[in-house]
Amino acid sequence: MVRDELGDCRRCKLAPLRTNLVFGVGNPSADLLFVGEAPGADEDAKGEPFVGKAGQLLTKMIEAMGYRREDVYICNVLKCRPPGNRNPEPDEVAACEPFLKKQLAAIRPRMIVALGKFAVQCLLRDDAPISRLRGNFRTYEGIPLMPTFHPAYLLRDPSKKKLAWHDLKEVNAALARVGVTPPNPPAP
Ligand code: URA
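As the structure is a computational prediction, the values presented were derived from the model and not from experiment.

### Section: the overall build of the chain
Assigned secondary structure in the chain consists of eight helices and six strands. For the chain, the sequential pattern of α-helices and β-strands runs α-β-β-α-α-β-α-β-α-α-β-β-α-α. In summary, the chain has a C-alpha radius of gyration of 15 Å against a globular reference of 16 Å for 188 residues, a match within 12%. Dimensions of the chain, computed from C-alpha atoms along their principal axes, come out at roughly 50 × 35 × 30 Å. Burial statistics for the chain: of 188 residues in total, 49% are counted as buried.

Pasting the structure below:
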């Protein structure tokens, strides 16, 4: 198991600062997987990704797509909280990335949604702005990947929610084309 291999991780300088390592949550054989950036204070306290304000918005987005949190899988590039929620640093990403990749290889979802620039940069090695990448399907290890805005950014600029919803509808449509439909499909 990837979680066992990660263990009580001390591979980077974030380890001594964490309360909890935030591995990931959801269905280990999910068709749909979301990747964020890194835990914040709420996630660090709880040991679960996306449970703070941005997490509540992500949960609403998932539910609007017709899924419950427990139907999908949610994880981050970094498993430990950067102090003061600063951006992940390259050595931290380098230490943590192998575990994200192993998580993705174990789950092998039908679709990945990359939330924000760090998830996209890590998985696609593309540092174009997220505003340019979003909305267009890419491929990660043969799995379709949709880049979209991070929910924390949507909280700062709610006018972009429309674009994110457009991206998520594209995700549902692409999943439907391979026979994957949500348990509670949204009205068309
Ligand atoms: N932001 C993230 O990128 N991940 C979380 O788990 C919470 C907030």
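From this point, things continue past the structure.
### Regarding the site of the ligand
As a structural note, the neighbourhood of the ligand is formed by Gly36, Glu37, Ala38, Glu43, Pro49, Phe50, Asn76 and His150. The contact in question runs from an oxygen atom of the ligand to an N or O atom on the backbone of Glu37, over 2.7 Å. A distance of 2.8 Å is found between a nitrogen atom of the ligand and a side-chain nitrogen or oxygen belonging to Asn76. Considering the ligand on its own, with 240 Å² of exposed area, one finds that the protein chains cover 91% of that surface. Of the pockets mapped on this structure, the ligand occupies the largest pocket. The class makeup of the residues in the shell around the ligand is three nonpolar, three polar and two charged.

### Here's the deal with the packing of aromatic side chains
Inspection of every chain in the model, using the stated rule, returns one aromatic pair. Stacked on the ring of Phe23, the Lys or Arg Lys79 has its end atom at 5.9 Å from the ring centre.

### Structural notes on the side chain of Arg134
With respect to the helices and strands, the residue Arg134 is situated in the loop between helix H6 (130-133) and strand E5 (138-140). For Arg134, the side chain forms a polar contact with the side chain of Asp167, separated by 2.7 Å. If sequence neighbours within four positions are ignored, Arg134 has contacts with Pro147, Thr148, Phe149, Leu163, His166 and Asp167.

### Regarding the nonpolar core
Core analysis: the largest hydrophobic core is formed by 56 residues, its most contacted members being Leu32, Phe34, Val35 and Ile112. The element best represented in this core is helix H4 (residues 90-107), accounting for six residues. When sequence neighbours within four positions are dropped, the list of residues in contact with Val35 reads Cys75, Asn76, Val77, Leu100, Ile112, Val113, Ala114, Leu115, Ala119 and Leu123.

### A look at the sheet that holds strand E4 (residues 111-115)
The sheet built from six strands is open, its strands ordered E1-E3-E2-E4-E6-E5 with mixed pairing. In the strand order of this sheet, the two ends are held by strand E1 (25-26) and E5, each with one partner. Each of strand E2 (32-36), E4 and strand E6 (143-148) is contacted by helix H8 (residues 161-177), which is oriented at about 165° to E6, the strand it contacts most.

Conventions we followed
Residues numbered from 1 in each chain as written. Predicted model: local features only at pLDDT ≥ 70, side-chain atom pairs only at ≥ 80, totals over all residues. Heavy atoms only, no water. Helix = DSSP H or I, 4+ residues; strand = E, 2+ residues; numbered from the N terminus. Rg over C-alpha atoms; globule rule 2.2 N^0.38 Å. Buried < 20%, exposed > 50% of the residue type's maximum accessible area, 1.4 Å probe, protein only. Near = heavy atom within 4 Å. Polar contact = N/O pair within 3.5 Å; in protein donor to acceptor, adjacent residues only side chain to side chain. Areas by Shrake-Rupley, 256 points an atom, 1.4 Å probe, with all protein chains shown as cover. 1 Å grid on protein atoms, 1.4 Å probe; cavity = no way out; pocket = protein on both sides within 12 Å on 5 of 7 lines; lining within 4 Å. Sits in = over half its atoms within 2 Å of the grid points. Nonpolar A, V, L, I, M, F, W, Y, C, P; charged D, E, K, R; others polar. Phe/Tyr/Trp six-rings, centres within 6.5 Å; stacked < 30°, edge-to-face > 60°. Lys NZ or Arg CZ within 6 Å of the ring centre and 35° of its normal. Contact = heavy atoms within 4.5 Å. Core = buried A, V, L, I, M, F, W, Y, C linked by side-chain atoms within 4.5 Å. Pairing = 2+ DSSP bridges. Axes fitted to C-alpha atoms, helices over the stretch in contact; angles between N-to-C directions.

Just geometry here; none of it tells us what the structure is for.
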